[in-house]
Amino acid sequence: VKLYSAERVKMQLTMLLKAFPLSITEQSIVLYPGSAADATFADVIGKQVIHIDPDEVSIRELQTEGYAGVPTTKEEYYAHNRDLMGAVDMIISYNAGEVSDEEASFIRLGGYVLANNWHDSANAMARQEDFELVGAVDESGAVGDADAAAEALGYERRAVSYGKGC
């Protein structure tokens, strides 16, 4: 088992975002369900990342440091924020399990899911009809295009894209 530092994840994320500019701005809605006290993505993407986690201590610590956070489960968050359906620019799924169909319905057309494959999340998103795999970063920080990412994930890339990315 390898331990990954926040600095290593930041480096990989920075390289990914340089290779695949995702049009995420300060006005973008970026959700990070299951974040615990991880500010890594907000440090790279921006303070608009909303951390969602039922661990009140973790969320309070993030808020103390100036990050946005909501102390609740992702299911409760989505149930109470139906007005965000189809309006979210990015959902970060980092070690938090697969993105459900309901959760995916919150992502706007042209929006993104940024996922690692810890719980088969990246594989599951890449297989969804409404999403297109756009790239990946390997352990060394090397960025691969969609074909390289599909090969690394072990499936055949679909030719059809509906405007969303993962």
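Residues numbered from 1 in each chain as written. Predicted model: local features only at pLDDT ≥ 70, side-chain atom pairs only at ≥ 80, totals over all residues. Heavy atoms only, no water.

### Thoughts on the sheet that holds strand E4 (residues 88–93)
The strands that make up a sheet are held in pairs by hydrogen bonds between backbone atoms, and each pair lies either parallel or antiparallel. Just so we agree on the cut-off: When DSSP finds two or more bridges between a pair of strands, those strands are recorded as paired. Put simply, DSSP marks the helices as runs of H or I at least four residues long and the strands as runs of E at least two long, and each gets a number from the N terminus on. Axis definition: a line fitted to C-alpha atoms, over the contacting stretch in the case of helices. Angles run 0 to 180 degrees between N-to-C directions.
Ordered by their spatial adjacency, five strands build an open sheet running E3-E2-E1-E4-E5, and the pairing between neighbours is parallel. The open sheet has two edge strands, strand E3 (68–70) and strand E5 (107–115), and neither has a second partner. The average angle at which neighbouring strand axes cross in this sheet is 25°, direction not considered. Two elements, E4 and E5, share five bridges in a ladder whose sense is parallel. Among the inter-strand pairings, valine 88 is bridged to a residue of E5, identified as isoleucine 107.

### Topic: the pattern of salt bridges
We apply this condition: For this document, the term salt bridge refers to a Lys or Arg side-chain nitrogen within 4 Å of an Asp or Glu carboxyl oxygen.
Applying the stated rule across the entire model yields five salt bridges. With a closest N to O distance of 3.1 Å, aspartate 43 and lysine 10 form a salt bridge. With aspartate 43 in helix H2 (residues 40–45) and lysine 10 in helix H1 (residues 6–19), this residue pair connects regions lying 33 residues apart in the sequence. Among the ionic pairs, glutamate 103 bridges to lysine 74, the shortest N-O distance being 3.1 Å. Pair noted here: glutamate 103 is in helix H5 (residues 101–104) and lysine 74 is in helix H4 (residues 74–80), with a separation of 29 residues, a long-range link.

### Considering H1
This is how it is decided: Expected helix span is computed as 1.5 Å times (number of residues minus one). Note on classification: 1.4 Å probe, protein chains only; a residue is buried when its accessible area is under 20% of the maximum for its type, exposed when over 50%, partly exposed between these limits. Comment: arc refers to directions from the helix axis out to C-beta atoms. Only heavy atoms matter for contacts: two residues are in contact if any of them lie within 4.5 Å across the pair.
Compared with an ideal rise of 1.5 Å per residue, which puts 14 residues at 20 Å, H1 spans 20 Å between its outermost C-alpha atoms and is within 8% of the ideal. Burial in H1 covers these residues: Val9, Gln12, Leu13 and Leu16. All buried residues of H1 project into a common sector of 95° when viewed along the axis, lining one side. Residues Glu7 and Lys18 are exposed on H1 and point more than 90 degrees away from its buried face. Packed against the buried residues of H1 are H2, E5, strand E6 (135–137) and strand E7 (143–145).

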